Amino acid sequence: MVVQEELLAWVCGQLEALGLEFNEAKPIEGDAGFRQYIRLDTDPAMLAVYGPPATEKHAAFVSISEHWRMSGVKAPQVFAHDVAQGFLLVEDLGATSLADVLANISGSATPADVYAPVLAQLRRLQLLSPAPFYPQYSAVLLQQELSLFAEWFVEGLLQHPLTERENTQLHTLYQHLIDHAQAQPQVIVHRDLHCRNIQCSPTLTHDAQLGLIDMGLIDMGLIDMGLIDVGLIDFQDAVIGPITYDWVSLFKDCYQLWPASFVSAQVKRYNQALPAHLQLPQETLLETFDLMGLQRHIKVLGIFARLYLRDGKAGYLQDLPLVIAYVRDVCGRYEALQSFLTWFDRELLPLCALQPWYRRVVIQP
């Protein structure tokens, strides 16, 4: 409460300088990090944000927001910031996420229609010229992320001590995935572009709808429908990395399951909407996408386990079964991954089945 009082005192000073004030301040639920949010009834709508300076990348958030907004990518404007104290005053993009919209699709709209404006934003992002402040999604960083799987999921959550042979097998797999990631075109990567990190507002302008048609992301017959407008949040960890990473975050979302046929159709359509120098070859497109997904989901198993074991956030355990399903589905498709799948099913899946959070998730064709 002391931090919130200090934050609001700072906010009052910032709003006074802007000629604004607020009457109501409502704390809202945070996220997987350590940030705290307060919704203010200002005009324009704003959020007061606190995050511990030692753990939160406030300077990166401010720089990335400015870069994206100047380039036409919709991100919240930062009205004021004090990085030393961990205070931000940012634009409030609303309380409706893409997850909310997808759960309430009605009328003639389809999931593909809902994703079209998101893909338009992603395309604009992936065409941006990188700025010097973006770190590289290096082999070292990819390896560090993958190592979370063994430490937090396998040995931490499932209590399975890894043998030297098992560690060697994992490192061989990791190198395979890292090599594929680094062979892709390298672009700005949001790095956590899932349905809860995309905010939606009611309608997309007519001109913006025409732009989606020009990119091939919606059909001409849909021009009269009320497509949503979208904005991106939680992007402070953005890097320069593999072009398919954000595709995976969207369509193999850890909180939203789609049939494999829908995912592959969306990936192919988006790939074709990119300029030729960024398009992936059709013959290897889905394999590249799948292997990138395997890297992300192996990492996420470790992250979700860590959120529970270290940070006491048990809610993420309920999302583990879908991530496990993604891992097993991809491994079942490629010969080079069969040994990992065999090991996972023999050693880890029985331990998962003993957990109260486990359930079997089936990915439809």
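That block above? That's the structure.
If you're wondering where the values come from, they're calculated on a predicted model, not measured in any experiment. (Residues numbered from 1 in each chain as written. Predicted model: local features only at pLDDT ≥ 70, side-chain atom pairs only at ≥ 80, totals over all residues. Heavy atoms only, no water.)

Engineer: Tell me about the overall build of the protein chain, and please be specific about residues and values.
Structural biologist: For the protein chain, the count of helices and strands is 12 helices and 9 strands. For the protein chain, whose C-alpha radius of gyration is 21 Å, the value lies close to the compact-globule estimate of 21 Å for 365 residues. Principal-axis analysis of the C-alpha atoms gives the protein chain an extent of 65 × 55 × 40 Å. Taken over 365 residues, the protein chain has a buried fraction of 51%. A fraction of 75% describes how many contacts in the protein chain between residues 6 or more apart in sequence connect residues 24 or more apart. In the form shown here, the protein chain has an accessible surface area of approximately 16300 Å², with 53% of it arising from carbon and sulfur atoms. (Helix = DSSP H or I, 4+ residues; strand = E, 2+ residues; numbered from the N terminus. Rg over C-alpha atoms; globule rule 2.2 N^0.38 Å. Buried < 20%, exposed > 50% of the residue type's maximum accessible area, 1.4 Å probe, protein only. Contact = heavy atoms within 4.5 Å. Areas by Shrake-Rupley, 256 points an atom, 1.4 Å probe, with all protein chains shown as cover.)

Engineer: Please provide a residue-by-residue account of the packing of aromatic side chains, values included.
Structural biologist: Within the structure shown, the criterion is met by 19 aromatic pairs. Measuring from ring centre to ring centre gives 4.7 Å for Phe 133 and Tyr 134, while their planes differ by 35 degrees; the resulting arrangement is tilted. Ring geometry for Trp 258 against Phe 262: centres 5.0 Å apart, planes inclined by 45 degrees, an arrangement best described as tilted. Both residues of the pair, Trp 258 and Phe 262, belong to the buried class. One aromatic cluster is present, formed by Phe 149, Phe 153, Phe 340, Trp 343 and Phe 344 through successive ring pairs. A cation sits over an aromatic face here: Arg 191 above Tyr 137, 5.0 Å from the ring centre. Over the face of the ring belonging to Tyr 255 we find Arg 196, whose NZ or CZ atom lies 3.6 Å from the ring centre. (Phe/Tyr/Trp six-rings, centres within 6.5 Å; stacked < 30°, edge-to-face > 60°. Lys NZ or Arg CZ within 6 Å of the ring centre and 35° of its normal.)

Engineer: Break down helix H5 (residues 139-157) for me, citing the residues and quoting the values.
Structural biologist: Taking 1.5 Å of rise per residue, the 19 residues of H5 would be expected to cover 27 Å, and the 26 Å separating its terminal C-alpha atoms lies within 8% of that figure. Buried residues of H5: Leu 141, Leu 142, Glu 145, Leu 146, Leu 148, Phe 149, Ala 150, Trp 152, Phe 153, Val 154, Gly 156 and Leu 157, and no others. The secondary structure elements touched by the buried residues of H5 are helix H6 (164-182), strand E9 (239-242), helix H10 (282-309), helix H11 (320-331) and helix H12 (338-353). Just downstream of H5, Gln 159 is the residue with a positive phi angle, here 60 degrees. (Expected span 1.5 Å × (residues − 1).)

Engineer: Run through the pattern of salt bridges, naming residues and quoting values.
Structural biologist: Tallied over the full model, the rule gives 15 salt bridges. Taking the shortest distance from any N to any O, the salt bridge between Arg 69 and Glu 91 comes out at 3.6 Å. In this pair, Arg 69 sits in helix H2 (residues 58-70) while Glu 91 sits in strand E5 (residues 87-91), placing the two residues 22 residues apart along the sequence. The exposure class assigned to Arg 69 is partly exposed, which follows from its relative accessible area of 37%. Looking at Glu 91, the relative accessible area reads 23%, which means it is partly exposed. (Salt bridge = Lys/Arg side-chain N within 4 Å of Asp/Glu carboxyl O.)

These results come straight from atomic positions and should not be treated as a statement about function.
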